[in-house]
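Single-letter residue listing:
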2 protein chains.
Amino acid sequence: MATITAVETHDIRFPTSRELHGSDAMNPDPDYSAAYVVLRTDEGPDGHGFTFTIGRGNDLCVAAIQAHAPLVVGLDVDAMAADLGGFARRLVGDSQLRWLGPEKGVLHLAAGAIVNAAFDLVAKRAGLPVWRLLAEMSPEQIVDLVDWRYLSDALTREEALRLLRDAAPGRRDRTERLLAHGYPAYTTTPGWLGYSDERLVQLARAAVAEGFTQIKLKVGADLADDLRRLRLAREAVGPDVRIAVDANQRWDVAEAVAWMRELAPFDPYWIEEPTSPDDVLGHAAIRAAVRPIRVATGEHAQNRVVVKQFLAAGAVDVVQLDACRVAGVTENVAILLLAAKFGVPVCPHAGGVGLCEVVQHLAMFDYVAVSGSLTGRAIEYVDHLHEHFADPVQVRAGHYRVPLRAGIGAQLREETLRDFAYPHGAAWVDPDPRPAPAGPEAGAAR
Amino acid sequence: MATITAVETHDIRFPTSRELHGSDAMNPDPDYSAAYVVLRTDEGPDGHGFTFTIGRGNDLCVAAIQAHAPLVVGLDVDAMAADLGGFARRLVGDSQLRWLGPEKGVLHLAAGAIVNAAFDLVAKRAGLPVWRLLAEMSPEQIVDLVDWRYLSDALTREEALRLLRDAAPGRRDRTERLLAHGYPAYTTTPGWLGYSDERLVQLARAAVAEGFTQIKLKVGADLADDLRRLRLAREAVGPDVRIAVDANQRWDVAEAVAWMRELAPFDPYWIEEPTSPDDVLGHAAIRAAVRPIRVATGEHAQNRVVVKQFLAAGAVDVVQLDACRVAGVTENVAILLLAAKFGVPVCPHAGGVGLCEVVQHLAMFDYVAVSGSLTGRAIEYVDHLHEHFADPVQVRAGHYRVPLRAGIGAQLREETLRDFAYPHGAAWVDPDPRPAPAGPEAGAAR
């Protein structure tokens, strides 16, 4: 019988702003960061999780994780494993902490880190990657993960059960296909706003050569720049590769519509985050006006209630769930079920540190056990910072290879926890020259 | 020329859970708290502000206030006073901190404390209460306070200017009427869920005797209890006093509708927070089903974008803005303008510590310079913890007396900052017996 003995936290930050990795119209100089948590146990594996931020305020998420420690330390691991839904609901339901959201912002980011760490722990004890841990659960076990409060007007527990039971007979076949072919990816690597035209073109060509069939460009700061960059990208990839564009919440409704009409000749596949991530009705208006260009959002959707409304209002064509923004695996299971009910594809957000590693488990679980479909679906891929993870993602020929190691993929290397600790790690104390690469994979990172 | 020299913070908590003050269906044991900030200057008055929480996590708001200090310390006070809108937009717009919301949760609560402290500072230097500082601004100055991003599909700067200009000729008359008669209040004091039936009846009768024409009861935990309590309250106050009920987010949509049909025979005036504060479409569905009972929400509306949607979707009859949940005075000016545009009355939330003191300034400004109306409007009043403030609210004959002292009303007494500091103040180190009342007004608190 194992017990959680400590909630250990780390403030990990990468100085990505120095090279404009991750730059977009709203976030000109992010330092990709992880508020990192280890659930220490007295027997067997520990559980690792994190939430993703872009620098300042990462310490607040670390403190918010610690604020939940009294709800976690001392728990029996087997009991937690038997009721992960209840575990997550108790974290989110603390009545005094809940006031600070409810279910949004710093507290919810912290809950996401802890819930994902709990799944990492449970999966490691079971010897399974999280996608498979989930995909081998019964429909009843899956729906028990979900906090059903506030969902019943759009999806009931019983509807979700029917949906999962309908998908059950195909699980084995889809698992085999997934293991053989992987899961489709698209790449955001070419499109950061701070990159030069030359770098954009070079990286767009490289993406196609590597087998990607979709790339993504950041837009929204300057229309003339966007038109030029989109033209260059379209010339570089040809007519058959999808080019999604991402405005990172830059516009008002009318501005989004006008801007996208200008970009339409270059056949953008979707417009992502055209306006405030809180604006369900605004997205619905934009979607109606820019068809057939798709509308995508979700990385800042604060919780399942907002996603429910995006779907019920017909405001989105693509749901971009984030592994850490909501309260972790359990709330993302709710989001996958909602998307399946409304027949809207999920293309997870993964532009950050470690988001690729974690979110692939959710997409693969969705394919095997929930939607049963790959149509219109792809996981975002960005090719930096993977070298810091114990089990980095493998993307080949435009597909995520299926992770086979036990856990959720969130575990950072010990050297990274040491060198990128903020503010006293080597990367911050002696920023130039940068610290030695953390491992042999580092050479691949741009 | 004065400069802001320091952002000083205090973690202030009151042990209200010991007597079930503030108890409701979602918050059984709140310890009313303030993440308190003082903007210290090198010349003239300081600025005082806070954000309200219910206990655990107040430290996170304090830390989030400090996270903004680099954007505040060193500012020239005159320059800040000349562009309070720009000041607020820079606080909220820090791109790395913004990621943790955006514009919601702990970071936004912290921004609210700071923005309100800045208004306190500017008003004290001008020798004016904040309601009057605002009410004497030109329409152009008022619209410049607002962050117009994400609003233009519902309200443009130009529409707001027209609205304010239309209201301008009546400002002087309404100011005089306000000074003579005060602003209507309703009281939540009788209705906390943890109070006994006897206490409920006694306090409901006392409220009517004191001149209130509306009281509010907490509901949502148990239908039989609610029916009994509502019957007792209706018998106590008679048919002509309004009884609002407040479910504090307890229900799903269908549950809210069914529950309110049961309570309808007792003629509830509004149902407040029937479901998730994020659920615009859910509120719209509830409103359509429970008419003529009004739907009220807003104390947890995270920002102006959510309020915009509540109004545009016809989801609410009453907007309950909160002085500290959004980014302070500037964002609440946006909310008042939106409500005026849609013709929906604002009845501010004030169940907490110090919320009455601050929010009265917004309601009075609204009456004088924005909506120009008192119809269907009243400020919530709860009669505890006022003794801790340097300038406590005065409620007489069911009306808020107009505050005349300069500032926003947020300033706590020095003894309170000492005795209720968490965790080392006397109230927490030696909780029983409780510390001596902070001042002569303390006897009035229950």
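Here the structure is shown first, and the text comes after it.
Residues numbered from 1 in each chain as written. Chains lettered and ligands numbered in written order. Predicted model: local features only at pLDDT ≥ 70, side-chain atom pairs only at ≥ 80, totals over all residues. Heavy atoms only, no water.

## A look at the interface of chain B and chain A
Link 1 in the chain: Facing the 61 residues of chain B at the interface are 61 residues of chain A.
Link 2 in the chain: Taken together, the links from chain B to chain A amount to six salt bridges.
Link 3 in the chain: Between Asp-94 of chain A and Arg-56 of chain B there is a salt bridge, with its nearest N and O atoms 3.2 Å apart.
Link 4 in the chain: Remark: the boundary between chain B and chain A carries 38 residue pairs in polar contact (both at pLDDT 80 or more).
Link 5 in the chain: Going through the elements one at a time, β3 (47-53), α1 (58-67), α4 (95-98), α5 (105-126), α13 (280-290) and α14 (304-312) of chain B are the ones with two or more residues in the side of chain B that touches chain A.
Link 6 in the chain: Classifying every residue of the side of chain B that touches chain A gives 29 nonpolar, 17 polar and 15 charged. (Contact = heavy atoms within 4.5 Å. Salt bridge = Lys/Arg side-chain N within 4 Å of Asp/Glu carboxyl O. Polar contact = N/O pair within 3.5 Å; in protein donor to acceptor, adjacent residues only side chain to side chain. Helix = DSSP H or I, 4+ residues; strand = E, 2+ residues; numbered from the N terminus. Nonpolar A, V, L, I, M, F, W, Y, C, P; charged D, E, K, R; others polar.)

## Points about unusual backbone geometry
Residue and element names in this part refer to chain A.
Link 1 in the chain: Of note, the amide linkage connecting Gly-101 to Pro-102 takes the cis form, showing an omega dihedral of -10°.
Link 2 in the chain: Note that Pro-102 resides in the loop between α4 (95-98) and α5 (105-126).
Link 3 in the chain: Of note in the backbone geometry, Tyr-150 takes a positive phi value of approximately 75° without being a glycine.
Link 4 in the chain: Relative to the assigned elements, Tyr-150 resides in the loop between α7 (139-144) and α8 (157-167).
Link 5 in the chain: With phi around 70°, Gln-249 is a residue other than glycine that occupies positive phi space.
Link 6 in the chain: When you line up the elements, Gln-249 lands in the loop between β6 (242-246) and α12 (253-263).
Link 7 in the chain: Taking the relative accessible area as the measure of exposure, Gln-249 reaches 2% and is therefore buried. (Buried < 20%, exposed > 50% of the residue type's maximum accessible area, 1.4 Å probe, protein only.)

## What about the pattern of salt bridges?
If charged atoms from side chains of opposite charge come close, those side chains can pair.
Link 1 in the chain: Counted under the stated rule, the structure contains 56 salt bridges over all chains.
Link 2 in the chain: As a salt-bridge pair, Lys-308 of chain A and Asp-279 of chain B come within 2.5 Å of each other at their nearest N and O atoms. In this pair, Lys-308 of chain A is assigned in helix α14 (residues 304-312) and Asp-279 of chain B in the loop between β7 (268-272) and α13, connecting two distinct chains.
Link 3 in the chain: Using a relative accessible area of 2% as the deciding quantity, one classes Lys-308 of chain A as buried.
Link 4 in the chain: Assessed through its relative accessible area of 0%, Asp-279 of chain B is described here as buried.
Link 5 in the chain: With its nearest N and O atoms 3.4 Å apart, the salt bridge here joins Arg-231 of chain B to Glu-235 of chain B. Of this pair, Arg-231 of chain B and Glu-235 of chain B are both found in helix α11 (residues 223-237), four residues apart, which corresponds to roughly one turn of the helix.

## Quick look at the sheet that holds strand β3 (residues 47-53) of chain A
All names here are of chain A.
Link 1 in the chain: One open sheet holds the three strands; their spatial order is β1-β2-β3, and the pairing between them is antiparallel. Unpaired on one side and paired on the other, β1 (4-13) and β3 mark the two borders of the sheet. Shown here is a sheet whose adjacent strand axes are inclined to one another by a mean of 20°, direction ignored.
Link 2 in the chain: Note: strand β2 (residues 33-41) against β3, seven bridges, orientation antiparallel. When the sheet's bridge partners are listed, Ser-33 is paired in β3 with Thr-53.
Link 3 in the chain: Packed onto the sheet, α5 meets β1, β2 and β3 and runs at close to 150° relative to β3. (Pairing = 2+ DSSP bridges. Axes fitted to C-alpha atoms, helices over the stretch in contact; angles between N-to-C directions.)

## Examining the relation of the copies chain B and chain A
Link 1 in the chain: Aligned on chain A, chain B shows an RMSD of 0.0 Å; the corresponding rotation is 180° and the shift along the axis is 0.0 Å. With respect to symmetry, the two chain copies, as superposed, fit the operation of a two-fold axis. Closest approach to the rotation axis within chain B is made by the C-alpha atom of Gly-105 of chain B, at a distance of 2.3 Å.
Link 2 in the chain: Most of the interface of chain B is mirrored in chain A, where 100% of its interface residues again form contacts. (Least-squares fit on C-alpha atoms with pLDDT ≥ 70 in both.)

## Some points on the sheet that holds strand β1 (residues 4-13) of chain B
Residue and element names in this part refer to chain B.
Link 1 in the chain: Ordered by their spatial adjacency, three strands build an open sheet running β1-β2-β3, and the pairing between neighbours is antiparallel. Looking at strand neighbours, the two that pair on one side only are β1 and β3, the edges of this open sheet. The average undirected angle you get between the axes of adjacent strands in this sheet is 20°.
Link 2 in the chain: α1 rests against β1, β2 (33-41) and β3 of the sheet, and its axis sits at about 175° to β1.

Interpretation note: all reported values are geometric properties and have no functional meaning in isolation.
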